[in-house]
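Spelled out, the chains give:
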Amino acid sequence: MKRVISLISIFAFICAFGLSAGGSAVYAAEKEARFGILTALSGPAAVWGIGNSRGMELGADEINEKGGFKVKGDTYKWKVFVYDHKYIPAEAVKALNKAIFSDKVSYVAIQGGSPSLACMPLLKQNKILALCNAAGGKSVTNPDNPLFFRFNPAIEGAYASAIPYIIKETGCKTVASINPDDETGKGNLVASKYVLGKLGLETITSEFYERGIKDFTSVLTRVISKNPDLIETGMTDPTSQALMLKQARELGYKGAMYLIWGPNPEQVLKICGPELAEGAYLGASPAEPQNDKQREIYERFLKKYPERDWDANYYTHYALFGCLTKAIVESQSFDPFVLADTLETIKWEDAFGPCSFGGEKIFGIKRQMLQYMTLQKVENGKSVVKVISGPIPGILDD
Amino acid sequence: MKNNSTTKKVIIAIVGLAAILLPVFSSDPYILHIAIAILIWSMLALGIRIVLVSGHLNIAQASFMGFGAYASGALAMKLGWSFWICLPLAGVIAAILAIIVGLPTLRIKGAYFVIITLGLSEVSRRIWMMWDSLFGGPQGLLGIPPPDAIKLGGLAIMFNSKVHYFYLAFVLFVITVFVMWRFEKSRTGLLLKSFPKADMLAESSGVYIMKYKVAAFALGAFFAGLAGSFWAHYFTYCSPWDFTLMASFYMLMYVVMGGTGSIAGPIVGSAVMLTLDELLRPFKEYMPMILGVILILVLRFMPGGIISIPGLIRDAVMRKE
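Engineer: What should I look at first to understand the overall build of chain A in this one?
Structural biologist: If you tally the helices and strands in chain A, you get 14 helices and 16 strands. The C-alpha radius of gyration computed for chain A amounts to 22 Å, which stays within 12% of the reference 21 Å derived for 398 residues, consistent with globular compactness. Its C-alpha atoms give chain A principal-axis dimensions of about 60 × 60 × 40 Å. Across chain A, contacts joining residues at least 24 apart in sequence account for 66% of those joining residues at least 6 apart. Of the roughly 15,300 Å² of accessible surface on chain A, 54% is carried by carbon and sulfur atoms.

Structure follows, in structure tokens:
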């Protein structure tokens, strides 16, 4: 009897806690603007999801601590709700239902192409402005979805800013692309082929692997047999990119390698060791703060989270609330369509420099965030910044 | 005994009535969405259970759901077929697939069969991912049409609100429960229950056990196919990421949590777990850990599942008396 009562008590406690924590926002007296972050807090994509949501929350904290923002005489503060969608489309829709109908959020950020695609009908029906960290290409970003913005570095921009430097330094002419076999990987390959072709590189082979695997020997063996001058790791997660570099070098590959999506240089050096990491190109900013804004973000992070969790991706996600708040204040409106028009025209500063929305040439509408991109190279056991570049004309916009 | 049966009927009637009246008391689309999810996941969990009764663990239930979803979505999008034709067809396609897979594999027992269903799960996901022209590749099928309106005289049900989807899901759920109940109470059901412990005895008595095992497997797949079709047209989208091995594990978890001993178990398991999933959202990344601990506690202290709680209380009271 006792154990049954104990178990029922545990259930009751959890339910009571869940209800009280969920309901606290409803009774808040302050005027608040509500924002929902739908991301992977569990499952394989949590590697990115947890950092994304923390980065955004820190950005909202800064605005709130500075007293919020004014719209038509009233002061507003951000109320942020975070939902775990596990990178499962159906879970994302479930979370979005809670966000819209229960928590009454007006704006959302969704991580991932498939979750974003699944949420699209509900977003459109309810006229929700979305600033997402998603691939999905033109299926997601197109003139029929005017309220959907891509608040992540442009795939095309990442290649366009780094490849000319790599070509100049190595003289490479052929490239092999390795991507995960999901919608982000396939979307990345389409984008990379388009940009690399424009920059004079021939994609001689492309390989896909199952996201989550850590042994890339078979994929790399096939790639290396084609003898490419450059291997780029596509939409591979940061840890796996470092493992790919290590395994490629162990297999005897001597050509250039470009780890494009935000690998933490320190982690790359730890996983590969300085010898195997030597010469690798990293599409990442230094994790150590380089300017006052970055220092402020870093210190704010340390107040809330352990240092071991820190990486440079926080800088990008931190800027989301600054951008949206600027659009609200400039337009003095919460209307999603007014805000979408405003976002199209405004410029804002993130931790790297000026940002704006563009991408009309590819998507037919200015919905892709354009920001400064950094290329680093491992030299003598250290990661050195080689290029900091703004959007390259002719790639995303004329 | 008679009193016990009457109590059960009263409880079923009350729960059923409460479910029917849910949209009257709460038109909150979020609540209705969770209710729809509970009904659909219950259908899937019941499908797993009926195979479990025959002594086999099927971890490809999400694949059957996926085949139903993709079949229905593709037929509606490519051929313009009505949802009302696609829905039963999705169930039939999933059932045929189960028969094709089941005939050669249900002879195999234990871990071997589990591995086969694991293989099926991976193969099906690969098919959806690689066959871009038909299934949309990794992005999935976009723009699946919602169910066509039902016209009853002057009345037209348009499927433009969650209330309509809720009632459709409820009807599918009731049909599933009724069929599963009748199946389990039939001679076939009784034979199935004997297989885990005495299949050789049954076979030596002249019972062709494969026929019954395949029937149970196909029945579970049929309702998974129906659930998949509903899911695809409700979301107007389906992707390979909804029908992974993990989804099958969730269904299995609902069965085990609720209790495998009766039809009510998977339903209660789905309802409790999906509700907990929502209530625990404030715990963010710690939520899976808490759910894991709850699962361990239930398995340790209630091997019969949540459904066994009233029985445990009754036994404890009687012991005290």
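Still more to cover.
Engineer: Explain helix H4 (residues 83-105) of chain B to me, please; I cannot follow it from the model alone.
Structural biologist: For the α-helix, the turn length of 3.6 residues means that residues three or four positions removed from each other point alike. Residues and elements named next belong to chain B. Taking 1.5 Å per residue, 23 residues should reach 33 Å; H4 reaches 32 Å between its end C-alpha atoms and fits that length. Those residues of H4 not exposed but buried are Phe83, Cys86, Leu87, Ala90, Gly91, Ala94, Ala95, Ala98, Val101, Gly102 and Thr105. Where H4 begins, one side-chain oxygen reaches toward the backbone nitrogen of Trp84, 3.1 Å away; that side chain belongs to Ser82.

Engineer: Just checking my understanding: could you explain the side chain of Ser72 of chain B for this structure?
Structural biologist: Mapped onto the secondary structure, Ser72 of chain B falls in helix H3 (residues 61-78). The buried category is assigned to Ser72 of chain B, whose relative accessible area is 0%.

Engineer: I would appreciate a short explanation of the interface of chain B and chain A in the present structure.
Structural biologist: Note: interface size is frequently given as the accessible area lost on complex formation between the parts. Contacts between the two partners involve 44 residues from chain B, matched on the other side by 48 residues from chain A. For the pair chain B and chain A, the two sides together bury roughly 4,100 Å², of which 69% comes from carbon and sulfur. Among the residues chain B hides against chain A, the three largest losses belong to Tyr30, Trp241 and Arg281 of chain B. Together they make up 16% of the total. Taken together, the links from chain B to chain A amount to eight salt bridges. With a closest N to O distance of 3.6 Å, Lys86 of chain A and Asp277 of chain B form a salt bridge. On the surface where chain B and chain A come into contact, there are 11 residue pairs in polar contact (both at pLDDT 80 or more). Counting residues per element, the ones that place at least two in the side of chain B that touches chain A are helix H2 (29-53), helix H5 (110-130), helix H9 (209-235), helix H11 (264-279), helix H12 (287-301) and helix H13 (309-320) of chain B.

Engineer: I'm lost on the domain arrangement of chain A in this one. Help?
Structural biologist: Residue and element names in this part refer to chain A. For chain A, the domain assignment lists domain 1 (2-134 + 291-351) and domain 2 (155-285 + 374-389). Its C-alpha centre places domain 1 at a distance of 31 Å from the equivalent point of domain 2. Opposite the nine residues of domain 1 that make contact, domain 2 presents 10 residues. Counting the surface lost from both domain 1 and domain 2, the interface buries some 710 Å², and carbon and sulfur atoms represent 62% of this. On inspection of domain 1 and its partner domain 2, the count reaches zero salt bridges. The interface formed by domain 1 and domain 2 includes three residue pairs in polar contact (both at pLDDT 80 or more).

Engineer: Would you mind going over the nonpolar core with me for this structure?
Structural biologist: For soluble globular proteins, nonpolar side chains are generally found buried alongside one another. Judged by nonpolar contacts, the single largest core of 125 residues is most densely connected at Val108 and Leu123 of chain A together with Ile40, Trp41, Phe64, Phe230 and Trp231 of chain B. Discounting residues that sit within four places of it in the chain, Val108 of chain A has contacts with Phe35, Gly36, Leu38, Leu96, Leu123, Ile128, Leu129, Ala130 and Leu131 of chain A. One finds Tyr107, Leu324, Ala327 and Leu339 of chain A within the second-largest nonpolar core, a separate group that totals 34 residues.

Engineer: I'm lost on the pairing of strand E3 (residues 74-84) of chain A in this one. Help?
Structural biologist: The side chains of a regular strand alternate between the sheet's two faces. Residues and elements named next belong to chain A. Examined bridge by bridge, strand E1 (residues 32-39) and E3 share eight bridges and lie parallel to one another. Paired with Ala33 across the strands is Trp78, a residue of E3. In the sheet, strand E2 (residues 69-71) pairs with E3 via three bridges, with the strands oriented antiparallel. Across the sheet, Phe69 pairs through a bridge with Tyr76, a residue of E3.

Engineer: Just checking my understanding: could you explain the packing of H4 of chain B against H9 of chain B for this structure?
Structural biologist: In a pair of packed helices, the angle between the axes and the distance between the axes together describe the arrangement. In contact at an axis separation of 7 Å, H4 of chain B and H9 of chain B are set at 145° when each is read in the N-to-C sense. H4 of chain B and H9 of chain B meet at a crossing whose hand is right-handed.

Engineer: How should I be thinking about the sheet that holds strand E10 (residues 256-259) of chain A in this particular structure?
Structural biologist: Backbone hydrogen bonds are what pair the strands of a sheet, in a parallel or an antiparallel way. Residues and elements named next belong to chain A. The mixed open sheet is built from seven strands, whose spatial order is E8-E7-E9-E10-E11-E15-E16. With partners counted over all chains shown, the strands left at the sheet margins are strand E8 (202-209) and strand E16 (382-389), one partner each. Pairing between strand E7 (residues 174-180) and strand E9 (residues 230-232): three bridges, direction parallel. Pairing of Ser177 across the sheet is with Glu232, part of E9. Relative to strand E15 (residues 373-379), helix H6 (residues 155-170) is tilted by about 35°, and along the sheet it contacts E9, E10, strand E11 (281-282), E15 and E16. Across the sheet, helix H8 (residues 217-225) touches E7, E8 and E9, and the angle it forms with E8 is around 170°.

Engineer: Which parts of the structure should I look at to understand a nonpolar patch on the surface?
Structural biologist: Residues and elements named next belong to chain B. A cluster of nonpolar side chains, contributed by Leu17, Ile20, Leu21, Val24, Phe25 and Tyr167, occupies part of the molecular surface with about 590 Å² of accessible area. The element that contributes the greatest number of residues to the nonpolar patch is helix H1 (residues 2-25), accounting for five residues. Note on placement: Leu17 falls in helix H1.

Engineer: What am I meant to see in the side chain of Thr117 of chain B here?
Structural biologist: Residues and elements named next belong to chain B. Looking at the element boundaries, Thr117 is found in helix H5. According to the relative accessible area criterion, Thr117 is buried, its value standing at 1%. A polar atom in the side chain of Thr117 sits 2.8 Å from the backbone oxygen of Val114.

Engineer: Any chance you could explain the packing of aromatic side chains here in plain terms?
Structural biologist: Geometry of an aromatic ring pair is reported as the spacing of the ring centres plus the angle between the planes. Tallying each qualifying case throughout the model produces 45 aromatic pairs over all chains. An angle of 70° between the planes, with centres 5.1 Å apart, marks the rings of Trp78 of chain A and Phe321 of chain A as edge-to-face. Of this pair, Trp78 of chain A sits in strand E3 while Phe321 of chain A sits in helix H12 (residues 313-331), and the two are 243 residues apart along the sequence. The residues Trp78 of chain A and Phe321 of chain A share a single accessibility class, namely buried. Each residue in the set Phe83, Trp84, Phe159, Tyr165, Phe230, Trp231, Tyr234 and Phe235 of chain B is aromatic and connected to the rest through ring pairs, giving one cluster. Residue placement shows Lys186 of chain A over the ring face of Phe208 of chain A; its charged tip is 4.9 Å from the ring centre.

Engineer: Is there a simple way to think about the confidence of the model for chain A in this case?
Structural biologist: Caution applies to low-pLDDT regions: their predicted coordinates should not be interpreted in detail. Residue and element names in this part refer to chain A. Looking at chain A, pLDDT values average 88 and 92% of them are 70 or higher. By mean pLDDT, helix H1 (residues 2-23) is the weakest element of chain A at 50, and E9 is the strongest at 97. Of the regions scoring below 50 in pLDDT, residues 17-28 engages in 11 contacts with residues more than four places distant in sequence or in other chains.

Engineer: Can you help me understand helix H7 (residues 183-198) of chain A in this one?
Structural biologist: All names here are of chain A. The first and last C-alpha atoms of H7 sit 23 Å apart over 16 residues, in line with the 22 Å expected at 1.5 Å per residue. Looking only at H7, the buried set comprises Glu183, Thr184, Gly185, Asn188, Leu189, Ala191, Ser192, Val195 and Leu196. Its buried side turned inward, H7 meets helix H4 (113-125), H6, E7, E8 and E9. Downstream of H7 by one or two residues, Gly200 has phi in the positive range, about 95°.

Engineer: Would you take a moment to explain the pairing of strand E13 (residues 354-358) of chain A for this structure?
Structural biologist: All names here are of chain A. Judged by how many residues are buried, E13 sits mostly within the fold: four of five residues are covered. Pairing analysis gives two bridges linking strand E12 (residues 348-349) to E13, with the strands arranged antiparallel. Across the sheet, Glu349 pairs through a bridge with Pro354, a residue of E13. Counted between consecutive antiparallel strands, the loop separating E12 from E13 contains four residues, among which Gly353 sits at a positive phi close to 150°. Across three bridges, E13 lies against strand E14 (residues 368-370) in antiparallel orientation. Bridging across to E14, Ser356 finds its partner in Leu370.

About the criteria used
- Residues numbered from 1 in each chain as written.
- Chains lettered and ligands numbered in written order.
- Predicted model: local features only at pLDDT ≥ 70, side-chain atom pairs only at ≥ 80, totals over all residues.
- Heavy atoms only, no water.
- Helix = DSSP H or I, 4+ residues; strand = E, 2+ residues; numbered from the N terminus.
- Rg over C-alpha atoms; globule rule 2.2 N^0.38 Å.
- Contact = heavy atoms within 4.5 Å.
- Areas by Shrake-Rupley, 256 points an atom, 1.4 Å probe, with all protein chains shown as cover.
- Expected span 1.5 Å × (residues − 1).
- Buried < 20%, exposed > 50% of the residue type's maximum accessible area, 1.4 Å probe, protein only.
- Polar contact = N/O pair within 3.5 Å; in protein donor to acceptor, adjacent residues only side chain to side chain.
- Buried area = accessible area lost by both parts, 1.4 Å probe.
- Salt bridge = Lys/Arg side-chain N within 4 Å of Asp/Glu carboxyl O.
- Domains from an automatic or database assignment.
- Core = buried A, V, L, I, M, F, W, Y, C linked by side-chain atoms within 4.5 Å.
- Pairing = 2+ DSSP bridges.
- Axes fitted to C-alpha atoms, helices over the stretch in contact; angles between N-to-C directions.
- Left-handed = near helix turned anticlockwise from the far one by under 90°.
- Patch = residues over 30% accessible without salt bridge, like charges linked within 9 Å, V, L, I, M, F, W, Y side chains within 5 Å.
- Phe/Tyr/Trp six-rings, centres within 6.5 Å; stacked < 30°, edge-to-face > 60°.
- Lys NZ or Arg CZ within 6 Å of the ring centre and 35° of its normal.
- pLDDT = per-residue confidence, 0-100.

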